[in-house]
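Read off the chains here:
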Amino acid sequence: TVYQDLGTTVSLAWYNFAGTVLPVLNALFMYGMYPEGSAAGGAMSTAWWFGMIDFVVFIGLMMVLKWPVGIRMFAVSWQAYFSMCFLNPNDTTYFSPGISNIAIEGAAVGPLVGTVIGCV
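Residues numbered from 1 in each chain as written. Predicted model: local features only at pLDDT ≥ 70, side-chain atom pairs only at ≥ 80, totals over all residues. Heavy atoms only, no water.

Engineer: What am I meant to see in helix H2 (residues 46–64) here?
Structural biologist: Each full turn of the α-helix corresponds to 3.6 residues, which orients residues three or four apart in the same direction. For H2, which comprises 19 residues, the first-to-last C-alpha distance of 27 Å matches the rise-based estimate of 27 Å (1.5 Å per residue) to within 8%. Inspection of H2 places Ala47, Trp48, Phe50, Gly51, Asp54, Phe58, Ile59 and Met62 among the buried residues, and these make up the whole buried set. In an axial view of H2, the angular spread of the buried residues amounts to 160°, which keeps them on one side of the axis. Among the exposed residues of H2, those pointing more than 90 degrees away from its buried face are Thr46, Ile53, Val56 and Val64. Of the surrounding secondary structure, the elements contacted by the buried residues of H2 are helix H1 (6–33) and helix H3 (69–87). (Helix = DSSP H or I, 4+ residues; strand = E, 2+ residues; numbered from the N terminus. Expected span 1.5 Å × (residues − 1). Buried < 20%, exposed > 50% of the residue type's maximum accessible area, 1.4 Å probe, protein only. Arc of directions from axis to C-beta. Contact = heavy atoms within 4.5 Å.)

Engineer: It is not clear to me how the nonpolar core should be interpreted in this structure. Could you clarify?
Structural biologist: Most often, soluble globular proteins keep nonpolar side chains buried together rather than apart. Ranked by size, the top nonpolar core spans 17 residues in total, and within it Val24, Tyr31, Phe82, Phe86, Phe95 and Ala108 carry the most contacts. Of all elements in the fold, only H1, H2, H3 and helix H4 (109–119) reach the threshold of two or more residues within this core. The element contributing the most residues to this core is H1, with six residues. Beyond its immediate chain neighbours, meaning those up to four positions away, Tyr31 contacts Gly37, Phe82, Cys85, Phe86, Phe95, Ser96, Pro97 and Gly98. (Core = buried A, V, L, I, M, F, W, Y, C linked by side-chain atoms within 4.5 Å.)

Engineer: Even after reading the chapter, I still don't get the confidence of the model for the chain, so can you show me in this structure?
Structural biologist: Atomic detail in the predicted coordinates should be set aside for any region of low pLDDT. Looking at the chain, the pLDDT average stands at 88 and 98% of residues meet or exceed 70. Averaged pLDDT values for the elements of the chain fall to 79 in H4 and rise to 95 in H2. (pLDDT = per-residue confidence, 0-100.)

Engineer: I keep staring at the side chain of Thr20 and nothing clicks. Help me out?
Structural biologist: Of note, Thr20 is situated in helix H1. Among residues more than four places away in sequence, those in contact with Thr20 are Phe74, Trp78, Pro111, Leu112 and Thr115.

Engineer: So what exactly am I meant to see when it comes to the packing of aromatic side chains here?
Structural biologist: Any two aromatic rings considered together are summarised by their centre-to-centre distance and by the angle between their planes. Under the counting rule described, the total for this entry stands at eleven aromatic pairs. On the numbers, 5.1 Å between centres and 80° between planes, the contact of Tyr31 with Phe86 is edge-to-face. Separated by 55 residues along the polypeptide, Tyr31 in helix H1 and Phe86 in helix H3 bring together distant segments of the chain. The exposure class assigned to Phe86 is buried, which follows from its relative accessible area of 0%. Taking 5.8 Å as the distance between ring centres and 90° as the angle between the ring planes, the aromatic pair formed by Phe82 and Phe95 counts as edge-to-face. Note that Phe82 is positioned in helix H3 and Phe95 in the loop between H3 and H4, a separation of 13 residues in sequence. (Phe/Tyr/Trp six-rings, centres within 6.5 Å; stacked < 30°, edge-to-face > 60°.)

Engineer: When you look at the environment of Thr9 in this model, what are you seeing that I'm missing?
Structural biologist: Looking at the secondary structure, you find Thr9 in helix H1. Along the sequence, Thr9 and Ile99 sit 90 residues apart, while their C-alpha atoms lie 31 Å from each other. In terms of polar contacts, Thr9 uses its side chain to reach the backbone carbonyl oxygen of Asp5, at 2.9 Å. (Polar contact = N/O pair within 3.5 Å; in protein donor to acceptor, adjacent residues only side chain to side chain.)

Below, the structure is given as C-alpha cells:
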C-alpha cells in the first residue's frame, strides 16, 4: 500500500481495508446461516444453492456499484476464496460460525486482522 505520496498511500490502505471487510462480513453472514457450509448436505443442497446465489449477487454488486477498483479487486478476490470454501463439501477450513461467535483464528477474520495490522 506504500506509494509515492501520503494521500495515495492512505487511499490505497483504505481500499484494501474496505475491500477486505465487505467479504468478511458476507462470509460471517453465510456461515451464520449455514455453519458447516455445504458440507452437511453436499453439492446441490440448500446450503450449496444459498452459497452460489450469495456469490453471484456479491460479485454482481461489486461490478454494478461504482466503487474504486482497489475495493472491488480485494472484495472479489476474498469473496471468491470464501465462497469456494463454503461451496466445497469436502473443505475443512475453519470459519467463524456467524457474527455472534467470531473467532480470531477463523479463515475470514484472520485476513481482516492482518489487513488492519498492515494498514496501521
